[in-house]
Amino acid sequence: MEYIALTGIADSVIEALKKHSLRTLEIRNPQNFFGVLGLNAGDQVLLTSTRRDDLTDGTTGLIARVVQRQISTHSIISANDLYIEECETMAARVQLECRCMARVRSVISNELGKPIIVDAREIPCYEAR
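Residue numbers run consecutively from 1 along every chain, following the written order of its sequence. Only residues with pLDDT of at least 70 are given local features in this predicted model, and only at 80 or more are side-chain atom pairs given and counted; all residues enter the totals for whole chains, interfaces and linings. Water and hydrogen atoms were dropped before computing side-chain values, which therefore reflect all heavy atoms in the structure.

Engineer: I'd like a rundown of the overall build of the chain, residues and numbers included.
Structural biologist: Of the regular secondary structure elements, the chain holds two helices and six strands. In the chain, the order of α-helices and β-strands from amino to carboxyl end is β-α-β-α-β-β-β-β. Within the chain, the proportion of its 129 residues that are buried is 33%. In this description, contact between two residues means that some pair of their heavy atoms is separated by no more than 4.5 Å. Residue pairs in contact within the chain that sit at least 24 positions apart in sequence constitute 66% of those at least 6 positions apart. For the accessible areas, the method is Shrake-Rupley and the probe is 1.4 Å, while residue cover comes only from the protein chains on display. When the accessible surface of the chain is totalled, it reaches about 7800 Å², and 48% of it is carbon and sulfur. Across the chain, the centroid of the 15 positively charged side chains sits 8 Å from that of the 17 negatively charged ones. The helix count covers DSSP runs of H or I at least four residues long, the strand count covers runs of E at least two residues long, and both are numbered beginning at the N terminus. Note on exposure labels: buried denotes an accessible area under 20% of the residue type's maximum, exposed denotes more than 50%, and partly exposed covers the range between, all computed with a 1.4 Å probe on protein chains only. Only four residue types enter the charge count, namely Lys and Arg as positive and Asp and Glu as negative; His and the chain termini do not. Positions of charges follow a simple convention, taking NZ of Lys, CZ of Arg, CG of Asp or CD of Glu.

Engineer: Could you give me a rundown of the nonpolar core, with the residues and numbers involved?
Structural biologist: What makes a nonpolar core is a set of buried Ala, Val, Leu, Ile, Met, Phe, Trp, Tyr and Cys residues whose side-chain atoms join them at distances within 4.5 Å. Grouped together as the largest cluster of nonpolar side chains are 18 residues, with contacts concentrated most on Leu 6, Ile 27, Val 45, Leu 47 and Leu 96. When near neighbours in sequence (up to four residues on either side) are disregarded, Val 45 contacts Tyr 3, Ile 4, Leu 6, Leu 39, Leu 62, Ile 63, Ala 64, Val 66 and Leu 96. Residues Ala 5, Cys 100, Val 118 and Ala 120 belong to the second largest nonpolar core, which totals eleven residues.

Engineer: Give me the pairing of strand E5 (residues 84-109): which residues, what numbers.
Structural biologist: In the case of a regular strand, side chains alternate between the two sheet surfaces. Strands qualify as paired when DSSP identifies two bridges or more between them. Bridge analysis of strand E2 (residues 22-27) against E5 gives six bridges, and the strand direction is antiparallel. Bridge pairing in E5 links Leu 25 to Val 94. Pairing of strand E4 (residues 60-79) with E5, which is carried by 19 bridges, proceeds in the antiparallel orientation. Looking at the pairing, Arg 69 lines up with Val 94 of E5. Connecting E4 to the next strand, E5, in antiparallel fashion are four residues. Strand direction decides the pairing type here: E5 and strand E6 (residues 116-122), joined by six bridges, are antiparallel. If you follow Arg 103 over to E6, its bridge partner there is Arg 121. Two successive antiparallel strands, E5 and E6, enclose a turn made up of six residues, where Gly 113 displays a positive phi of approximately 90°.

Structure (structure tokens):
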């Protein structure tokens with residue numbers, strides 16, 4: 001099955017999602033941000049600690065269901081007598097519910113600036129590796 005993949009997620013975050021089943025993540029990484037933009041409530045996503053450039057066939061990850069998604073903009077203004085500087089950033093908050101573990105069969109799309117798409121299959125609990 002095809003999934004949007006969020007890469008470079010900390011192992012501790014993936015473990016917390018496994019144990020507590022429902023967690024909210026704030027995504028600031030630009031590549032993962034593009035992936036979250038392609039998600040809606042009810043969609044499934046693959047999370048992996050593997051970095052985007054290292055994503056290959058056989059990479060393991062966690063499949064989670066999107067409960068809700070929210071995009072927010074943060075604006076910071078700093079000024080003195082000589083200049084005014086404004087910095088604006090966007091972040092995505094995505095609430096996820098743990099489903100199961102999975103293994104990537106193939107990487108379908110891994111282009112910079114676009115969602116990462118993989119074909120993955122669920123790993124049954126009895127399959128040891």
